[in-house]
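Examining the three-dimensional arrangement
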Amino acid sequence: MPELLPYLTMGFYFGGTLLFLLYLWHRSDVISKISLVATGLGFVSHTSGLIMAMVSMGHVPIMTFKDAMSFFAWGLVLVFLVVGMKRGLEVLGAFILPLAFLSLVSATLAPQSADTLAPVFQTVWVHVTLSILGTIGFAVAFVAGLMYVMQERLLKSKQFNVLSFKLPPLDFLDSLNQRSILFGFPLLTLGILTGAVSAQLTIGSYLSWNSEQIWALITWFFYFAVLMGRVTAGWRAKKAAYLTIVGFAGVILTFVGILIKSPQPMSPL
Amino acid sequence: MNIIVLGLNHRTASVELRELLAIQDSRMGEALGRLMAYSGIKEAMYLGTCNRVEVYAVVEKGEWGFRQLEDFLVSTHFSLSTEDLLPHLYRYSDDEAIAHLFRVSASLDSMVVGEPQVLGQVKEAYELALTHRSSGVILNKVVKKAISVGKSVRTNTRIGEYAVSVSYAAVELAKKVFSNLKQRVVLLVGAGEMGKLAAQHLVNQGVKEVLIANRNHHRAFMLAERFHGQAVPYEQLRSTLPKVDIVICATGAPHYVITKDDIEMAVYHRMNRPMFLIDITVPRNIDPAVKDVDNAYVFDIDDLKAHVGQNQEERLKEAETAEHMVREEVGSMVAWVRGLEATPTIVALRKKAEEIKQGELEKVFGRLGELSSKERSAIEGLASAIVNKLLHGPVVTLKSEAQSQNGFAFIEAARRFFELREREIHSGEIPLLEDETGDGVSEERLPQKDGV
């Protein structure tokens, strides 16, 4: 039974994804209720899986790429359930659920073998956890940016359809974007610092210039610029939305970087 | 006796002229007092809205009354002369005057047909007339009826939906940009009816602040008072733009008041904080090229209509239904007013008495059988004497009081005491009102005072 849980979770998330996408184009609120239920069931099975793994392994399962992606998806769905329920924004599900589902799928497709991170030091733990939480922040910012761009285009082209009705107001999306980055950025900063410390402790050098590290640093500088630009140069609204969409590409490339170097025994960062 | 109206509106006169004739509520007592001081004006009501200035009056002789009302309007403002004013005035009397008032309160004469405010303004005008005792039996009846007609047009046709929905659409669209309107600053440019409606809708949503810029600063102040906002000098329009989130443009200008450059600058100074602009006028006041400015969202009247999905033809049909309702009500009101003349009332009274007398005599003669002609004429004489003596007082009083301030009250009283219906007074020339009490005016909401 426990080995079936991941598939059950995936199934529920897949159903939720389809239903939420359907909800985007239909006026019916019933669809969103059903998809919320599907997502909730998925989240329950996801959480039970995590707890079981925790019990059997004795720690939060994030030390493999697969586990990390699964934890990332779990955090995303949690954010959606909290924000979506609190603000009555079921429409967020149409963007977050596909992302969570794809993360789970990519986790399954990722090479199973040797990507286990050796939890030599406590800092590795902290590094991975912080990095994943930071990434969740950027993912939500990405979703907010995507919704902003869609709503913006609909307003500019004066199309008043179901989609424009369901998407939240621009200023809400802009502030969700900003808050998500403000949440993710400090975590990423700490994640990189603890990663560097771990690297120093394990392989004796803070930085080894592999693709993962390079993308992580580029991503860090990019989001730093986005945050600074908002305050100093008025990089908000439409510009901020586009920037966070581009920024998330950097995040994904960092993940790809992790995958690329994973065949050899994984060094912490 | 005539009911007359003298006035000007958005079709006949410019805003500037209408403004000169505006009388503030606080000075209405003095103005109505001045009106009532004219000999021959028995009742009067002053109706001033953004679109019109009209004086309704009940006068002894129509022609003479119009001249007195002209004199009154000219003297409301020192800079006015009769020559300035006369070409802009329209005059209606009796049926036409009543029909006009009914159309006004049904919002059929408004610039934006179906706008909801005029009904309230008619009510206010009437209440002021009541407070200052310039309204009497006739205006009470006619204006109350006008208000009830206005209400019934609003509830029974969909004429109000268009005006409401277009300005409401503006709010709906604003909510696509701003989640919480309570933190937003609104700038209203110009004083067009639709713009004010849209501003009103936003104010109802509890916006943080309303700024008003108008070429005529005095008018801006008046609007600022109404919206509890702040008037901004028109010359500072550009420098004000960066401060505002929502712009409603509704001036009468035939050119662009807000250009693409203005908005580019404003958005730049706002550090790209979005702006929402509504252009409700035709021709447009906001350069459509503003849509190319990032973070500025401009919508014109057609966009709003598209959002509402309103059908033009349907609206015309609603207006037609409303006109029909008004016409029906005018007919019965005119009949009631005509019945208030002294002479026909006296004639009807005598006729009724004569009929009763004849009826009773016939009954008595039938019962008594054969009578000598001397006996017959004695009985007839007795009946006539009683009837004449009983009627003498009322008839003399009606004749003498008809010309007094309370004349209509006496006539109305006589009609009720002797149960004279319009039918009996005005033997069926026009379709008449059977039951004049069932007019459905929400009387509980209007102060009761019959001017007696």
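Our structure is the block above this text.
This report concerns the structure included in the present document. (Residues numbered from 1 in each chain as written. Chains lettered and ligands numbered in written order. Predicted model: local features only at pLDDT ≥ 70, side-chain atom pairs only at ≥ 80, totals over all residues. Heavy atoms only, no water.)

What chain A contains, in helices and strands, is 9 helices and 0 strands. Taken from N to C terminus, the helices and strands of chain A fall in the order α-α-α-α-α-α-α-α-α. With 269 residues in all, chain A has 53% of them scored as buried. Roughly 11900 Å² of accessible area belongs to chain A as shown, and the carbon and sulfur atoms make up 76% of that amount. (Helix = DSSP H or I, 4+ residues; strand = E, 2+ residues; numbered from the N terminus. Buried < 20%, exposed > 50% of the residue type's maximum accessible area, 1.4 Å probe, protein only. Areas by Shrake-Rupley, 256 points an atom, 1.4 Å probe, with all protein chains shown as cover.)

On to the sheet that holds strand S9 (residues 275-279) of chain B. All names here are of chain B. Sheet architecture is open: 6 strands sit in the order S7-S6-S5-S8-S9-S10, paired in parallel fashion. Only two strands of the sheet have a single partner each, and these edge strands are strand S7 (230-232) and strand S10 (296-300). Sheet twist, expressed as the mean angle between neighbouring strand axes with direction ignored, is 20°. The sheet contact formed by strand S5 (residues 185-189) and strand S8 (residues 246-249) spans 4 bridges and is parallel. What sits directly across from Leu188, in S8, is Ile248. In this fold helix H12 (residues 260-269) packs onto S9 and S10, with an angle of close to 155° to the strand it touches most, S9. (Pairing = 2+ DSSP bridges. Axes fitted to C-alpha atoms, helices over the stretch in contact; angles between N-to-C directions. Contact = heavy atoms within 4.5 Å.)

Time to look at helix H9 (residues 193-204) of chain B. All names here are of chain B. Its 12 residues give H9 an end-to-end C-alpha distance of 16 Å, which sits within 8% of 16 Å, the value for a rise of 1.5 Å per residue. Of all 12 residues making up H9, 9 are buried, and the element is well covered by its neighbours. All of the buried residues along H9 are Glu193, Met194, Gly195, Lys196, Leu197, Ala198, Ala199, His201 and Leu202. Gly206 lies just past H9 and shows a positive phi near 80°. (Expected span 1.5 Å × (residues − 1).)

Moving on: the nonpolar core. The biggest cluster of nonpolar side chains holds 109 residues, and the ones touching the most others in it are Ile246(B), Ile248(B) and Phe276(B). Here the element with the most residues in this core is helix H5 (residues 122-156) of chain A; it accounts for 17 residues. If we ignore the near neighbours within four places in the chain, the residues touching Ile248(B) are Val186(B), Leu187(B), Leu188(B), Val189(B), Gly195(B), Ala198(B), Ala199(B), Leu202(B), Ile278(B) and Ile280(B). (Core = buried A, V, L, I, M, F, W, Y, C linked by side-chain atoms within 4.5 Å.)

In this section: unusual backbone geometry. Only a minority of non-glycine residues have a phi that is not negative, and only a minority of peptide bonds are not trans. In the Ramachandran plot, Ala237(A) falls in the positive-phi region, its phi being about 50° despite a non-glycine side chain. Position of Ala237(A) among the secondary structure elements: in helix H9 (residues 237-261). The exposure class of Ala237(A) is buried, given its relative accessible area of 0%. One non-glycine residue, Asp94(B), adopts positive backbone phi at about 50°. Structurally, Asp94(B) is set in the loop between strand S4 (90-93) and helix H5 (95-105).

Right, let's talk about the pairing of strand S2 (residues 41-48) of chain B for a bit. All names here are of chain B. Extensive coverage of S2 is indicated by the burial of 7 of its 8 residues. As paired strands, S2 and strand S3 (residues 52-59) are joined by 7 bridges and run antiparallel to one another. If you follow Tyr46 over to S3, its bridge partner there is Val55. Hairpin connection between S2 and S3: a loop of 3 residues separates the two successive antiparallel strands.

Every regular strand shows the same layout, with side chains that alternate between the two sheet faces. All names here are of chain B. Of all 5 residues in S9, 5 are buried; the element is thus mostly enclosed. Of the two faces of S9, the one lined by Met275, Leu277 and Asp279 and the one lined by Phe276 and Ile278 are each fully buried. Here S8 runs beside S9; their pairing, made up of 4 bridges, is parallel. Bridge pairing links Val247 to Leu277 in S9. Once you follow S8 into H12 and on to S9, the crossover reads as right-handed. (Right-handed = clockwise from strand over helix to strand, strands pointing away.)

So, about the packing of aromatic side chains. When we look at a pair of aromatic rings, we describe it by the centre distance and by the angle of the planes. Following the criterion strictly, the structure yields 13 aromatic pairs over all chains and no others. With a centroid separation of 5.5 Å and an interplanar angle of 15°, the aromatic rings of Phe43(A) and Trp74(A) are classed as stacked. Remark: Trp74(A) occurs in helix H3 (residues 65-87) and Phe43(A) occurs in helix H2 (residues 30-57); sequence separation between them is 31 residues. The same class applies to Phe43(A) and to Trp74(A), which are both buried. Taken together through their ring pairs, the aromatic side chains of Phe185(A), Trp220(A), Phe221(A) and Phe224(A) make up a single cluster. The ring of Phe365(B) carries Arg376(B) above its face, with NZ or CZ at 4.1 Å from the centroid. (Phe/Tyr/Trp six-rings, centres within 6.5 Å; stacked < 30°, edge-to-face > 60°. Lys NZ or Arg CZ within 6 Å of the ring centre and 35° of its normal.)

Contact residues are listed per partner, giving 23 residues for chain A and 23 residues for chain B. Taking both sides of the interface into account, the surface hidden between chain A and chain B amounts to around 1800 Å²; carbon and sulfur atoms contribute 53%. Applying the counting rule to chain A against chain B returns 3 salt bridges. Between Asp294(B) and Lys238(A) there is a salt bridge, and its shortest N-O distance comes to 2.7 Å. In this assembly, chain A and chain B are joined by 18 residue pairs in polar contact (both at pLDDT 80 or more). Elements with a minimum of two residues in the side of chain A that touches chain B: H5, helix H6 (162-166), helix H7 (170-203), helix H8 (211-232) and H9 of chain A. No other element matches the 5 residues that H5(A) contributes to the side of chain A that touches chain B. Among the residues forming the side of chain A that touches chain B, the class breakdown is 12 nonpolar, 4 polar and 7 charged. (Buried area = accessible area lost by both parts, 1.4 Å probe. Salt bridge = Lys/Arg side-chain N within 4 Å of Asp/Glu carboxyl O. Polar contact = N/O pair within 3.5 Å; in protein donor to acceptor, adjacent residues only side chain to side chain. Nonpolar A, V, L, I, M, F, W, Y, C, P; charged D, E, K, R; others polar.)

The subject of this paragraph is the sheet that holds S3(B). Each strand in a sheet pairs with another by means of backbone hydrogen bonds, the pair being arranged parallel or else antiparallel. All names here are of chain B. One open sheet holds the 4 strands; their spatial order is S2-S3-S1-S4, and the pairing between them is antiparallel. Of all strands in the sheet, those with a lone pairing partner are S2 and S4, marking the two edges. Strand-to-strand twist of the sheet, defined as the mean angle between neighbouring strand axes without regard to direction, takes the value 15°.

Here the focus is the pattern of salt bridges. Residue and element names in this part refer to chain B. Under the defined criterion, the tally for this structure stands at 23 salt bridges over all chains. Of the charged contacts, one joins Lys363 and Glu360 as a salt bridge, the two residues approaching to 3.2 Å between their closest N and O atoms. On the criterion of helical spacing, the pair formed by Lys363 and Glu360 is a turn pair, its members being 3 residues apart in helix H15 (residues 342-368). Using a relative accessible area of 47% as the deciding quantity, one classes Lys363 as partly exposed. By sharing partners, the salt bridges in this structure join Arg11, Arg52, Glu54, Arg103, Asp109 and Glu323 into a single network.

Residue placement: Pro233(B) occurs in the loop between S7 and helix H11 (237-240). Residue classification places Pro233(B) among the partly exposed residues on the basis of a relative accessible area of 26%.

So, about the packing of H9(B) against helix H10 (residues 217-227) of chain B. Residue and element names in this part refer to chain B. Running from N to C, H9 and H10 point in directions that differ by 30°, and their axes come no closer than 11 Å. Of the two possible hands of crossing, H9 and H10 adopt the one that is right-handed. Taking contact as the criterion, the partners of Lys196, Ala199, Gln200 and Val203 in H9 are, on H10, Arg219, Leu223, Arg226 and Phe227. Of the residues that constitute the contact of H9 with H10, the class distribution is 4 nonpolar, 1 polar and 3 charged. (Left-handed = near helix turned anticlockwise from the far one by under 90°.)

A separate point is the environment of Glu341(B). Residues and elements named next belong to chain B. With respect to the helices and strands, Glu341 occurs in the loop between helix H14 (312-338) and H15. Judged by its relative accessible area of 29%, Glu341 is partly exposed. Between the alpha carbons of Glu341 and Phe408 there is a distance of 7.9 Å; along the sequence they are 67 residues apart. Among all residues touching Glu341, those that are not within four sequence positions of it are Met1 and Ile411.

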